[in-house]
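The primary structure of each chain is shown beneath.
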Amino acid sequence: MTKLSGPQWIDDFLGTDPPRSKSLVMTIFGDAIVPHGARLWLGSLIELVAPMGTTDRLVRTSVFRLVQEGWLVANREGRRSSYALEPQARARFERANHRIYAPPGLDWDGQWTLLLAPNGSIDTSLRAAIRKELEWEGFAMLAPGLLAHPAADVDSVAEVLGRVEGTGKVFACRARELPGIGARPLGELVGEGWNLSRVTEQYRHFIDGFAPLLALLQARGAPSPQEAFVMRSLLVHAYRRVQLHDPMLPLALLPRPWPGSEAYALAQAIYRLVFARAEEHLMEVLRREDAEAPEADGAFYARFGGLR
């Protein structure tokens, strides 16, 4: 049996890789608050993140910046403030959650999504905005004016183009490999367009950091509700950071073994072991300031292939 305790693992993790406060607040909102109505009081948020080393001042600064950036909406009732998810940001949270909690691309129909903006067809600022946003969605620029992804989320592409005012201004199509003409396999474009070494390194770092936590949970059983919430939050926060840099290519095009698959299985196993106790702590904190705080919605229990 491992000698490491839950509080020791948390202290060690926070000592070596402390989360940035604004990014941690985003994680808490996406993982814990959105399933419970997407709104909470500032005092509850401060209490939730305090065990992770984020101070009252840092929380206030973080939510102020997230309001300014269009992620959250602030409301004031007397001397108290609450924060809710900005309705227009919900679609982006939902897509991020799908990336985190759904298994990596097992199914692929062999088709690539191409976006084309020939020279002179759009202005330089729009071209740069489209490239920046779609690279966050995993696209690669294979040539000037040509962005590609083998398994793009069409809804995400449409949302990005609408957000940067690029709707109707670029060409978009689907393509697949043309056999029988002696061309290079399309799969070789992965090596041309994406540098996966950094993502591979980040996944292995995640596995090294959280494999001991899984061993601890399996050996010692369920942690306290507050410890479970901290573990769950740190898990999702660390996994989300890797996911933001993963282009989410189909497994058929990735090197084997792909560490992203191992990282997903590890995150799934830990989440399933701590989510229930974490929910106990979350509901206790939320209902201290809001007796009507709702239980988690149905989508929450579909995470990681189903929570039991």
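Look above for the structure.
Caption draft 1: Highlighting the overall build of the chain. Scanning the chain for helices and strands turns up eleven helices and seven strands. Taken against the 2.2 N^0.38 rule, which gives 19 Å for 308 residues, the C-alpha radius of gyration of the chain at 21 Å falls within 12% of a compact globule. Along the longest, intermediate and shortest principal axes, the C-alpha atoms of the chain span 65 × 50 × 35 Å. Within the chain, counting contacts between residues at least 6 apart in sequence, those at least 24 apart form 78% of the total. Entry remark: accessible area of the chain is about 15700 Å², with carbon and sulfur atoms responsible for 53%. Of the side-chain charges in the chain, 35 are positive and 36 negative, and the distance between the mean point of each set is 3 Å.

Caption draft 2: Quick peek at helix 1 (residues 6–16). For helix 1, the full list of buried residues reads Gly6, Trp9, Ile10, Phe13 and Leu14. Angular distribution of buried residues about the axis of helix 1 spans 125°; they occupy a single face of the element. More than 90 degrees from the buried face of helix 1, the exposed residues found are Asp11, Gly15 and Thr16. Its buried side turned inward, helix 1 meets helix 9 (197–220) and helix 10 (225–243).

Caption draft 3: Expanded view of the nonpolar core. Core analysis: the largest hydrophobic core is formed by 80 residues, its most contacted members being Trp9, Ile28, Ile33, Phe206, Phe210 and Tyr271. For this core, the leading source of residues is helix 11 (residues 259–289), giving 13 residues. In this view, Phe210 contacts Trp9, Phe13, Leu234, Leu235, Ala238, Leu266 and Ile270; residues no more than four positions away in its chain are not counted. By size, the runner-up hydrophobic cluster in this structure holds 14 residues, among which are Leu115, Ile122, Phe139 and Val164.

Caption draft 4: Summary view of the packing of helix 6 (residues 124–136) against helix 7 (residues 154–163). Packing of helix 6 against helix 7 brings their axes to within 10 Å, and their N-to-C directions diverge by 150°. With respect to the hand of their crossing, helix 6 and helix 7 are arranged in right-handed fashion. Residues Ile130, Glu133 and Leu134 of helix 6 touch helix 7, and the partners they reach there are Val157, Val160, Leu161 and Arg163. Partitioned by chemical class, the residues of the contact of helix 6 with helix 7 number five nonpolar, no polar and two charged.

Caption draft 5: Examining the sheet that holds strand 5 (residues 140–143) more closely. In space, the four strands of this open sheet follow the order 5-6-4-7, with antiparallel pairing throughout. Where the open sheet ends on each side, the last strands, each with one partner, are strand 5 and strand 7 (171–175). Strand-to-strand, the axes of this sheet are offset by a mean angle of 30°, without reference to chain direction. By the bridge criterion, five bridges tie strand 4 (residues 112–116) to strand 7 in an arrangement that is antiparallel. Across the sheet, the residue bridging to Thr113 is Arg174, located in strand 7.

Caption draft 6: Quick peek at the packing of helix 3 (residues 42–49) against helix 11. Contact pair helix 3 / helix 11: the axes reach a minimum separation of 8 Å and the direction vectors enclose 150°. Taken together, the axes of helix 3 and helix 11 lie roughly antiparallel to each other. In terms of crossing hand, the pair formed by helix 3 and helix 11 is right-handed. Facing helix 3, whose interface residues are Gly43, Ser44, Glu47 and Leu48, helix 11 presents His281, Leu282, Val285, Leu286, Arg288 and Glu289. Here the residues of the contact of helix 3 with helix 11 sort into four nonpolar, three polar and three charged.

Caption draft 7: Representation of the pattern of salt bridges in the model. This structure, assessed with the given rule, holds 20 salt bridges. Put simply, Asp31 and Arg303 hold a salt bridge, and the shortest N to O gap is 3.1 Å. Placement of Asp31 in helix 2 (residues 21–33) and of Arg303 in the segment after helix 11 is noted, with a sequence separation of 272 residues between them. The residue Arg95 makes a salt bridge to Glu159 at a minimum N-O spacing of 2.9 Å. With Arg95 in helix 5 (residues 90–101) and Glu159 in helix 7, the pair connects residues that are 64 residues apart, well separated along the chain. On the accessibility criterion, Arg95 (15% relative accessible area) is buried. Linked by salt bridges that have partners in common, Arg95, Glu133, Glu137, Glu159 and Arg163 make up one network.

Caption draft 8: Structural detail: unusual backbone geometry. Omega for the peptide link from Arg256 to Pro257 comes to -5°, which places this bond in the cis form. Note that Pro257 resides in the loop between helix 10 and helix 11. For Met248, which is not glycine, the phi torsion reads 55° and is therefore positive. Looking at where Met248 falls in the secondary structure, it is placed in the loop between helix 10 and helix 11.

Cut-offs applied
- Residues numbered from 1 in each chain as written.
- Predicted model: local features only at pLDDT ≥ 70, side-chain atom pairs only at ≥ 80, totals over all residues.
- Heavy atoms only, no water.
- Helix = DSSP H or I, 4+ residues; strand = E, 2+ residues; numbered from the N terminus.
- Rg over C-alpha atoms; globule rule 2.2 N^0.38 Å.
- Contact = heavy atoms within 4.5 Å.
- Areas by Shrake-Rupley, 256 points an atom, 1.4 Å probe, with all protein chains shown as cover.
- Lys, Arg positive; Asp, Glu negative; His and termini not counted.
- Charge placed at Lys NZ, Arg CZ, Asp CG, Glu CD.
- Buried < 20%, exposed > 50% of the residue type's maximum accessible area, 1.4 Å probe, protein only.
- Arc of directions from axis to C-beta.
- Core = buried A, V, L, I, M, F, W, Y, C linked by side-chain atoms within 4.5 Å.
- Axes fitted to C-alpha atoms, helices over the stretch in contact; angles between N-to-C directions.
- Left-handed = near helix turned anticlockwise from the far one by under 90°.
- Nonpolar A, V, L, I, M, F, W, Y, C, P; charged D, E, K, R; others polar.
- Pairing = 2+ DSSP bridges.
- Parallel < 35°, antiparallel > 145°, perpendicular 65-115°, else oblique.
- Salt bridge = Lys/Arg side-chain N within 4 Å of Asp/Glu carboxyl O.

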